[in-house]
Amino acid sequence: MKNKDTDIYFLTDLLEFPPADNANAEGLLAVGGDLSPERLLLAYRSGIFPWFNKDSLILWWSPDPRMVLFPQKIKISKSMRQIMSGTRFTLTRNRCFKEVMEACAEITRKGQEGTWITNSMKEAYLRLHELGFARSYEVWEDKELVGGLYGIDLGHVFCGESMFSKATNASKFAFIQLARDLEEKNYKLIDCQLYTKHLESLGAEEIPRKEFLKLLQNSI
């Protein structure tokens, strides 16, 4: 249902979304619905993701442009190459998804108050993890979890949700290894959602939403 005053769609119990290109200038597409595995997977496969505060209704977004990383374009500095080939960090995959998500929720981020990784989001993504769609990368230093990331794996696109670092370069370590793995598996891209300087420094770039949706649909 569309609100005539705001042009924002209010979702009902029906498992559907309006087209992603109906989002407003800020990228907001729809409000409401639920965080069921079926709706979340439909959202990601349609170029849409949830992002909202603890006391807010569920907000669904599809920004234009879209921040993405083509795995083969990952930028690895000389210092990071040394770290990647060294023994300081070790990496595991899907070993402690819940702990990675908890750490992402607890990390302090510049310019943000609180976290969008609410209890309802944690429960929803844990369900997706149990179903095999949500995956994590964990970085360890001296048997301590010091960094990692998690996201939704669509089989040809990895939709990154969040990452954290408790030790310098730990999240970079995870992100670079993710890009290397996905390049080897011929994934089209990592969806980074929104622009940050940090992501740009690692090789991510903004592309038009229209192009992103075509890549997501595996049509180019």
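The structure contained in this document is the topic of the report that follows. Positions within a chain are numbered from 1, following the residues in the order the chain's sequence is written. Local features are withheld for residues below a pLDDT of 70 in this predicted model, meaning they are given only at 70 or higher, and side-chain atom pairs are given and counted only at 80 or more; totals for whole chains, interfaces and linings count all residues. The basis for the side-chain values is all heavy atoms of the structure; hydrogens and waters are excluded.

Relative accessibility decides the category of a residue: with a 1.4 Å probe and only protein chains considered, values under 20% of the type maximum give buried, values over 50% give exposed, and everything between is partly exposed. A run of DSSP states H or I qualifies as a helix once it reaches four residues; a run of E qualifies as a strand once it reaches two. Both are numbered from the N-terminal end. Those residues of helix 3 (residues 97–106) that fall on the buried side of the exposure criterion are Phe97, Val100, Met101, Ala103, Cys104 and Ala105. Here, two residues are considered to be in contact whenever any of their heavy atoms come within 4.5 Å of each other. Contacts made by the buried residues of helix 3 are with helix 4 (119–130), strand 7 (134–141), strand 8 (144–153) and strand 9 (157–165).

Here we come to the nonpolar core. In this structure, Leu35, Leu40, Tyr44, Trp60, Tyr125, Tyr150 and Ile152 are the most contacted members of the largest nonpolar core, which totals 51 residues. In terms of residues, this core owes the most to one element, helix 3, which gives six residues. Those residues within four positions of isoleucine 152 in sequence are excluded, and the remaining contacts are Leu41, Tyr44, Tyr125, Leu128, Phe133, Ala134, Val157, Phe158 and Cys159. In terms of nonpolar packing, the next biggest core, distinct from the first, is built from 29 residues, Leu69, Ala170, Ala174 and Leu182 among them. Take the buried Ala, Val, Leu, Ile, Met, Phe, Trp, Tyr and Cys residues and link them wherever side-chain atoms come within 4.5 Å; each set so joined is a nonpolar core.

To continue, consider the sheet that holds strand 3 (residues 49–50). A pair of strands counts as paired when DSSP detects no fewer than two bridges linking them. The mixed open sheet is built from four strands, whose spatial order is 1-2-4-3. Strand pairing shows two members of the sheet lacking a second neighbour, strand 1 (9–11) and strand 3, which therefore form its edges. Where strand 2 (residues 28–32) and strand 4 (residues 59–61) come together, three bridges link them in antiparallel fashion. Considered in strand 4, the bridge of valine 31 is made with leucine 59.

With that out of the way, let us pick up the pattern of salt bridges. The salt bridge criterion pairs a side-chain nitrogen of Lys or Arg with a carboxyl oxygen of Asp or Glu, the two atoms within 4 Å. The full count for this structure, using the stated rule, is seven salt bridges. The partner of glutamate 205 in a salt bridge is lysine 73, and the shortest N-O contact between them spans 3.3 Å. Placement of the pair is glutamate 205 in strand 11 (residues 205–207) and lysine 73 in the loop between strand 5 (66–69) and helix 2 (78–85), with a sequence separation of 132 residues. Looking at glutamate 205, the relative accessible area reads 26%, which means it is partly exposed. Take lysine 73: its relative accessible area is 42%, and that puts it in the partly exposed class. The closest approach of N and O atoms between arginine 88 and glutamate 141, which form a salt bridge, is 3.2 Å.

Read across the sheet, seven strands follow the order 6-7-8-9-10-5-11 without closing on themselves; strand pairing throughout is mixed. One side of each edge strand has no neighbouring strand; the edge strands of this open sheet are strand 6 (90–93) and strand 11. Pairs of neighbouring strands in the sheet enclose a mean axial angle of 35°, with direction left out of account. Looking at chain direction, strand 5 and strand 11 are connected through three bridges and run antiparallel. Within strand 11, the residue paired with valine 68 across the bridge is glutamate 205. Here an axis means a line fitted to C-alpha atoms, over the contact stretch when the element is a helix, while the angle between two N-to-C directions is reported on a 0 to 180 degree scale.

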